[in-house]
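# Residue-level structural notes
What follows is each chain in one-letter form.
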Amino acid sequence: GCELRGQIASSGGEAAAVDIANVGSGDISVYWIDYQGGEGDYQNSPQPLAVIQPGDVRSFDALVGYAFTVADVYGNCLGVAQVTQAANSFGYAGVQ
């Protein structure tokens with residue numbers, strides 16, 4: 001959950017696939033938590049890795065050990081997704 005935000009960092013392991021679904025009514029932003037615990041995209045930019053619209057699913061290439069923060073349009077944390085296996089699926093509800 002969000003209590004892990006700021007307390008974890010990604011580590012690298014085996015290749016993995018991550019699906020993140022937006023099951024709510026507003027957009028959600030996905031941020032990769034880097035190896036130092038910072039949030040952004042894969043190029044170390046503070047921008048989200050992706051913005052997912054309601055009803056959509058985005059797939060990401062990742063590594064076991066990666067972590068992602070999912071936030072609503074207001075920047076409120078909806079959850080922290082941790083990649084623990086080769087195939088991972090998560091769902092979050094964005095609000096308008």
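In short, a report on the structure. The model shown is predicted, which means the values in this text are computed figures rather than measured ones.

### Details of the pattern of salt bridges
Taken as a whole, this structure holds one salt bridge when the rule is applied. Put simply, Arg 5 and Glu 39 hold a salt bridge, and the shortest N to O gap is 2.9 Å. One end of the pair, Arg 5, is in the segment before β1 (15-22); the other, Glu 39, is in strand β3 (residues 39-40), with 34 residues separating them in the sequence. The class for Arg 5 is partly exposed, based on a relative accessible area of 30%.

### What about the pairing of strand β6 (residues 67-72)?
In terms of burial, β6 is a largely internal element, six of the six residues being buried. Residues Ala 67, Thr 69 and Ala 71 of β6 are buried on one face, and the alternating residues Phe 68, Val 70 and Asp 72, pointing to the opposite face, are buried as well. One ladder, built from six bridges, connects strand β2 (residues 28-33) with β6; its direction is antiparallel. Considered in β6, the bridge of Trp 32 is made with Phe 68. Sheet topology note: the β6/strand β7 (residues 77-82) ladder contains five bridges and is antiparallel. Across the sheet, Thr 69 pairs through a bridge with Val 80, a residue of β7. Hairpin connection between β6 and β7: a loop of four residues separates the two successive antiparallel strands, and Gly 75 in this loop has a positive phi of roughly 85°.

### Quick notes on the state of the cysteines
Applying the stated criterion across every chain, the model contains one disulfide. The disulfide partner of Cys 2 is Cys 77, and the S-S distance across this bridge is 2.2 Å. In this structure, the disulfide formed by Cys 2 and Cys 77 twists by about -95° around the S-S bond and is classed as left-handed. In this pair, Cys 2 is assigned in the segment before β1 and Cys 77 in strand β7, connecting sequence segments 75 residues apart. What makes Cys 77 partly exposed here is its relative accessible area of 21%.

Quick notes on the rules
- Residues numbered from 1 in each chain as written.
- Predicted model: local features only at pLDDT ≥ 70, side-chain atom pairs only at ≥ 80, totals over all residues.
- Heavy atoms only, no water.
- Salt bridge = Lys/Arg side-chain N within 4 Å of Asp/Glu carboxyl O.
- Helix = DSSP H or I, 4+ residues; strand = E, 2+ residues; numbered from the N terminus.
- Buried < 20%, exposed > 50% of the residue type's maximum accessible area, 1.4 Å probe, protein only.
- Pairing = 2+ DSSP bridges.
- Disulfide = S-S within 2.5 Å.

Any link to function would need more than the numbers given here.
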